[in-house]
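Observations on the model geometry
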Amino acid sequence: MIAARTRAEREAAARTPEQQREHERREVASHYENDPEIFSMVLDSRLAYATGIFLDPAESLEAAQERKYDWVRRELDIQPGERVLDVGCGWGSNLIYLAEHTGGSFRGVTLSDKQREEALRRADRAGVAARVQIDLAHVEDLDLAPESLDAVLFVGSIVHMHNRERIHRKIAAALRPGGRLLISDCYFPARARGDRESSATQYIFVEALGYCRLISLAEELGMIEQAGLDLRRVEDLTSSYVHTVARWIDNVRANRARIEARAPGFSRLLQTYMTVGRLSFARRTALEYMIVAQKPGGRERLGVAPSPEPRRAP
């Protein structure tokens, strides 16, 4: 059992798993139920609400997110006909990219009806709707047959889920031998840096985003291993997240009037939580990692996607 570090976690621990699931379904969804047009003013063109991968601080958000999509594609190595589950698929950013660039079959789940509608529209426009299914559901509600999936991804989503041990066991059981798991999300350092009980933390974790649970990287990796998966890769993307959030903040500022016209007060919420979050990652009081794991057996994988290398000065 992992000790609660924040007020939000303590409140979650006092609920039953069923109550917490309903809490997440209601509170987390509310942030994403805003007009997708607002997020299109802030995020990249595919609406990724997670870090990109920057090789140069001067490059665009679009370039950094495109690099991240391609890296996810290479890491998951999806073959024709393989079945993929995207948990917390958002507006379909990774899901649709992978459908466009591989021959897999894709299922996404989200808590937000507006995200589902937008993702389905985007899949249709991209010409991949026949291979994309998106459900309005919590991952804990899914009926996943044993060894029925070839890959599962959580990109910017597992942070919203409290009952992680149960979720990891569920996903591991659903993966076929050789199946891959990819997580890209936020973590606390194992040794506390900064005040995790601050009003700023409470604002981000509860008021802005509904519910967040940051654990340490070692704790997440331990749960993955306990579920029966082998770890293949861990990458520190903290610096890239600092640059990603900085681009989002610039976009909020540039589009404040248009955002306010659609959702009064929402531009202030976005800029406030993003500014506090950016400082946290810049100071490394919070961290961003990508994790790749695999279920033993199945198709042998002899290599992994190479790490992006920083640009060298001429």
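My aim in this report is to walk through the structure given alongside it, one point at a time. (Residues numbered from 1 in each chain as written. Predicted model: local features only at pLDDT ≥ 70, side-chain atom pairs only at ≥ 80, totals over all residues. Heavy atoms only, no water.)

A few words on unusual backbone geometry. A positive phi angle, close to 65°, is found at Leu 47, a residue other than glycine. Locating Leu 47 in the fold gives a position in the loop between α3 (36-40) and α4 (61-76). Exposure remark for Leu 47: the relative accessible area of 2% places this residue in the buried category. Despite not being glycine, Arg 284 shows a phi value in the positive range, around 60°. Secondary-structure assignment places Arg 284 in the loop between α12 (266-282) and β7 (287-294). Taking relative accessible area as the criterion, Arg 284 reaches 29% and is therefore assigned partly exposed. (Helix = DSSP H or I, 4+ residues; strand = E, 2+ residues; numbered from the N terminus. Buried < 20%, exposed > 50% of the residue type's maximum accessible area, 1.4 Å probe, protein only.)

Strand-to-strand pairing in sheets goes through backbone hydrogen bonds, with the strands running parallel or antiparallel. On the basis of which strands lie adjacent, the open sheet formed by seven strands has the order β3-β2-β1-β4-β5-β7-β6 and mixed pairing. Either end of the sheet is taken by a strand with one partner, and the two such strands are β3 (132-136) and β6 (230-236). Sheet twist, expressed as the average angle between the axes of neighbouring strands with direction ignored, equals 15°. Bridge count between strand β5 (residues 175-187) and β7: eight bridges; the pairing is antiparallel. Residue pairing for β7: Cys 186 is matched across the bridge by Glu 288. Contacts from α4 reach β4 (149-155), β5, β6 and β7, with the element oriented near 150° to β5. Lying on the sheet, helix α7 (residues 164-174) is in contact with β1 (83-87), β4 and β5; it crosses β5 at an angle near 150°. (Pairing = 2+ DSSP bridges. Axes fitted to C-alpha atoms, helices over the stretch in contact; angles between N-to-C directions. Contact = heavy atoms within 4.5 Å.)

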